[in-house]
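# Summary of the model geometry
Each chain, written out:
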Amino acid sequence: MDPARLKSVPLFSGLSDHDRQRVGLWTDEVEVPAGKQLAGEGELAYEFFVIVDGTAEVTQGGKALGELGPNDFFGEIGLLESERRTATVTATSPLRAIVMFGPHFRHVEREMPELAQQIRSKIRERLSSDQ
């Protein structure tokens, strides 16, 4: 993915040019239609997603938990905390997202502490709201 495009995504905007270049090598941009399930509760986690355009619904146990939109991200809990998806995420409109596979995501988490802190903060927030 073009590192210049990553600069416009708040999660990646604070990275150095060098780190953004590395993240660009490890990410792809995908387009999915409305109704497509991006993550299934209980399934093994393989990817991390950042929504660029569009919306998605988050459900757990069949109950709606909320909606995600541009600049929201998901998939981090399964990759870093549990190995399995804790919720289902389904596109509610045509959606464009940045995708990073697990091994690269874990490398970013180890090598880019500021970004890792933002992601860990969101994990704590999401896990505490589930209780």
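Position numbers for residues start from 1 in each chain and track the written sequence from start to end. A pLDDT threshold of at least 70 governs which residues receive local features in this predicted model, and a stricter bar of 80 or more applies before side-chain atom pairs are shown or counted, although totals over entire chains, interfaces and linings include all residues. Side-chain numbers here rest on the full set of heavy atoms in the structure, without hydrogens or water.

### Section: the packing of helix α3 (residues 17-26) against helix α5 (residues 102-111)
Each pair of packed helices can be summarised by the angle the axes make with each other and by the distance between the axes. In the contact formed by α3 and α5, the axes pass within 10 Å of each other and the chain directions differ by 165°. Put simply, α3 runs roughly antiparallel to α5. Classified by chirality, the crossing of α5 by α3 is left-handed. Facing α3, whose interface residues are R22, V23 and W26, α5 presents H104, H107, V108 and E111. Considering only residue class, the contact of α3 with α5 consists of 3 nonpolar, 2 polar and 2 charged. Lines fitted to C-alpha atoms define the axes, with helix axes restricted to the stretch in contact, and inter-axis angles between N-to-C directions lie between 0 and 180 degrees. Working definition: helices are DSSP H or I runs of at least four residues, strands are E runs of at least two. Numbering for both runs from the N terminus. For classification purposes, angles smaller than 35 degrees are called roughly parallel, those larger than 145 roughly antiparallel, those between 65 and 115 roughly perpendicular, and all remaining angles oblique. For any helix crossing, the convention is left-handed if the near helix is rotated counterclockwise from the far helix by under a right angle, and right-handed if that rotation is clockwise. Two residues qualify as a contact provided that any one of their heavy atoms is within 4.5 Å of a heavy atom in the partner residue. Residue polarity follows a fixed list, in which Ala, Val, Leu, Ile, Met, Phe, Trp, Tyr, Cys and Pro are nonpolar, Asp, Glu, Lys and Arg are charged, and the others, Gly among them, are polar.

### Side note on the pattern of salt bridges
Throughout this description, the term salt bridge denotes a Lys or Arg side-chain nitrogen within 4 Å of a carboxyl oxygen of Asp or Glu. On inspection of all chains with the given rule, the structure shows 9 salt bridges. A salt bridge links D19 to R22, with the shortest nitrogen-to-oxygen separation between them at 3.1 Å. Of the two residues, D19 and R22 are both situated in helix α3; the distance of 3 residues between them amounts to about one turn of the helix. Take D19 and R22: they sit in the same class, and that class is buried. The buried label goes to any residue with under 20% of its type's maximum accessible area, the exposed label to any with over 50%, and the partly exposed label to all in between, with areas taken from a 1.4 Å probe on protein chains only.

### With respect to the pairing of strand β4 (residues 56-60)
Note on strand geometry: in a regular strand, side chains alternate between the two faces of the sheet. Two strands qualify as a pair provided DSSP detects at least 2 bridges between them. Pairing of β4 with strand β5 (residues 63-68), which is carried by 5 bridges, proceeds in the antiparallel orientation. Along β5, the bridge assignment pairs Q60 with K63. Adjacent in sequence and paired antiparallel, β4 and β5 are bridged by 2 residues, among which G61 carries a positive phi angle near 60°. Direction of pairing for β4 relative to strand β7 (residues 88-91): antiparallel, over a ladder of 4 bridges.

### A closer look at the confidence of the model for the protein
pLDDT: the predictor's confidence for each residue, scored from 0 to 100. In this model, the protein carries a mean pLDDT of 92, and residues with pLDDT of at least 70 account for 98%. Looking over the protein, one finds the lowest element-wise mean pLDDT in helix α6 (residues 113-129), namely 83, and the highest in β7, namely 98.

### So, the sheet that holds β7
Taken in spatial order, the 4 strands make up an open sheet running β2-β7-β4-β5, and their pairing is antiparallel. On the outer flanks of this sheet lie β2 (37-39) and β5, each paired with one strand and no other. Averaged over neighbouring strand pairs, the angle between their axes works out to 30° when direction is ignored.

### Observations concerning α3
Buried residues of α3: D19, R20, R22, V23, G24 and W26, and no others. Close packing links the buried residues of α3 with α1 (3-6), α2 (10-13), β1 (27-32), β8 (95-101) and α5.

### Focus on the sheet that holds strand β6 (residues 73-74)
Strand order in the open sheet formed by 4 strands is β1-β8-β3-β6, with antiparallel pairing between adjacent strands. Each edge of the open sheet is held by one strand with a lone partner, namely β1 and β6. Both strand β3 (residues 47-53) and β8 contribute to a ladder of 6 bridges, which runs antiparallel. In the sheet register, I51 faces β8, and the bridge partner there is A97. Across the face of the sheet, α5 comes into contact with β3 and β8 while running at roughly 75° to β8.

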